[in-house]
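This is what each chain is made of:
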Amino acid sequence: MVYLIFWLGVFAAPVFTAYVRGLNGQQSHIPWFEVFEVWKLGCLFLLLFLIHNFLVAPLLVYRNKKKSYFAMIVLLTAVFVFIQCQRPGPTRLPLHGDPIGNIKSLPPTDSLGRPIADFRPQPHHGKSRHHLGKRPIDIGFNDFMGVILLLSLLGLNLGIKLYFKNNEDKKTLQTLQKKNLEQQLEYLKYQINPHFLMNTLNNIHALVDIDPERAKEMIVIMSRLMRHMLYEGSKSKIPLQREVDFLQNYTELMRIRYTDHVDITLTLPDRLPDAQIPPLLFITFVENAFKHGVSYRQQSFIRISLRAEEQRLHFLCTNSKRKDIGQCQTKNIHGGMGLNNIRQRLTLLYGSDYQLEMNDGPDTYDVHLCLPLS
């Protein structure tokens, strides 16, 4: 479309110029002979442009053959100069009184702008190169400007092709990156789901012989959790309310398992924002808190809270530290599969637009995750 508009403008320009001159009273008619001469030159430029666009430019743009491209440019320029020097053109019409080329007066023309056929130049004394039967090849200022115009035209054509090629490469790269991102996220989610199921089944197994009724309740709640992972875990994002429901079911599962010496609290805002977040985003931190923060020898606590402030979602999880395992939870930050996966997911999904802080205190372990709500 760009090329079509450009070339229509090129071929319409001489007619428009002649029309404007007629309005200004400079001439009474359109000199079609001169227009046709300009169109002939335009056709030469158009032919070389098409050759460059479809045959020459692809050598550099798509095949990166620089030497072949510049050799073809030199060849096209030489062909243009040769044709220009061979054709008379408007600037090489025989001039009245001087066939050699000293400008004195142009030959008279008819109403269409064509030279009068029976016009004869005044006799010229002395020898003339035109009398030898063959017009000499000479390069004038107009030929030099024609070469500059040709090179500018080809350069513009090359620039446009490189621009669109660059856009195509960017779109292809973005598509590949998106597919790679989706594959990485799927891989990470497939790692998280079995890890979560393994921990939950271990919890149920611990209660089967001790308290069968509680074990049954845990199985019912676990079915809800598995339904969430089955239908929601494969999605890129889910409503925040559904993820909070999943978190509530999990904490209820843990309350059934542990006795009253473990204080489990889940603090939620009265009204959750209507936002979308990736599924199974908080469960890794909660699992880690129960794994390393619950002790049967001392009073333990798990405190989980969510709040929304200024288009940001804040997730906080604090747990007491088991004295018998020391720095086990701290080591899990760097070497645990779950936490490593969650860091990768956050980076892939949010780039640098998130904050994750983990503070390892003497008696408590704190996690603070801040995400954008969009």
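See the structure shown above.
Here the structure is a predicted model, which is why all the values come from computation and not from measurement.

S.K.: What exactly am I supposed to notice about the pattern of salt bridges here?
M.R.: When the charged atoms of two side chains with opposite charge come close together, those side chains can pair. As enumerated under the stated definition, the model contains 8 salt bridges in all. Notably, a salt bridge pairs Arg307 with Glu309, separated by 2.9 Å at the nearest N-O pair. For Asp353, the salt bridge identified is with Arg312, shortest N-O distance 3.0 Å. A residue pair is termed long-range when its members are at least 10 positions apart, and Asp353 in the loop between α9 (337–350) and β6 (355–360) and Arg312 in strand β5 (residues 312–320) qualify at 41 residues. The class of Arg312 is buried, set by a relative accessible area of 17%.

S.K.: Mind showing me how you'd approach the packing of aromatic side chains here?
M.R.: Aromatic ring pairs are reported here in terms of the distance separating the ring centres and the angle at which the planes meet. Under the defined criterion, the tally for this structure stands at 11 aromatic pairs. Summarising the aromatic geometry, the rings of Tyr250 and Phe290 are spaced 6.0 Å apart at their centres and angled 75° between planes, so their arrangement reads as edge-to-face. Taken together, the positions of Tyr250 in helix α6 (residues 240–257) and Phe290 in helix α7 (residues 283–293) put the pair 40 residues apart, joining distant regions of the chain. Comparing Tyr250 with Phe290, the two get one shared label, buried. Considering the side-chain rings of Phe282 and Phe315, the 4.6 Å spacing of their centres and the 15° angle between planes classify their relative orientation as stacked.

S.K.: Before we go on, may I ask you to explain α6 in this structure?
M.R.: Note that an α-helix has 3.6 residues per turn; residues three or four places apart therefore point the same way. If you check α6, its first and last C-alpha atoms are 26 Å apart, about what 18 residues at 1.5 Å a residue would give, namely 26 Å. Every buried residue of α6 is accounted for by Leu240, Glu243, Val244, Phe246, Leu247, Tyr250, Thr251, Leu253, Met254 and Ile256.

S.K.: Even after reading the chapter, I still don't get the sheet that holds strand β7 (residues 364–372), so can you show me in this structure?
M.R.: Adjacent strands of a sheet pair through backbone hydrogen bonds, lying either parallel or antiparallel. Spatial strand order, β2-β4-β5-β7-β6: 5 strands in an open sheet with mixed pairing. Among the strands making up the open sheet, the edge pair consists of β2 (262–267) and β6. Ignoring which end each strand starts from, the neighbouring axes of this sheet average 10° apart. Alignment of strand β4 (residues 300–309) against β5, held across 8 bridges, turns out to be antiparallel. Among the inter-strand pairings, Arg303 is bridged to a residue of β5, identified as Thr318. Packed onto the sheet, α6 meets β2, β4 and β5 and runs at close to 165° relative to β2. Packed on one face of the sheet, α7 meets β2, β4, β5, β6 and β7 and runs near 10° to β5.

S.K.: Sorry, what's going on with the nonpolar core here?
M.R.: Side chains of a nonpolar character, in soluble globular proteins, are inclined to be buried together. Counting residues in hydrophobic clusters, the biggest one holds 49 residues, and the most contacted among them are Phe282, Phe285, Phe290, Phe315 and Leu369. Among the elements that make up this core, the one with the highest residue count is α6 (8 residues). Phe290 has contacts with Tyr250, Met254, Tyr258, Ile264 and Ile302, leaving out every residue within four places of it along the chain.

Cut-offs and rules
- Residues numbered from 1 in each chain as written.
- Predicted model: local features only at pLDDT ≥ 70, side-chain atom pairs only at ≥ 80, totals over all residues.
- Heavy atoms only, no water.
- Salt bridge = Lys/Arg side-chain N within 4 Å of Asp/Glu carboxyl O.
- Helix = DSSP H or I, 4+ residues; strand = E, 2+ residues; numbered from the N terminus.
- Buried < 20%, exposed > 50% of the residue type's maximum accessible area, 1.4 Å probe, protein only.
- Phe/Tyr/Trp six-rings, centres within 6.5 Å; stacked < 30°, edge-to-face > 60°.
- Expected span 1.5 Å × (residues − 1).
- Pairing = 2+ DSSP bridges.
- Axes fitted to C-alpha atoms, helices over the stretch in contact; angles between N-to-C directions.
- Contact = heavy atoms within 4.5 Å.
- Core = buried A, V, L, I, M, F, W, Y, C linked by side-chain atoms within 4.5 Å.

Any link to function would need more than the numbers given here.
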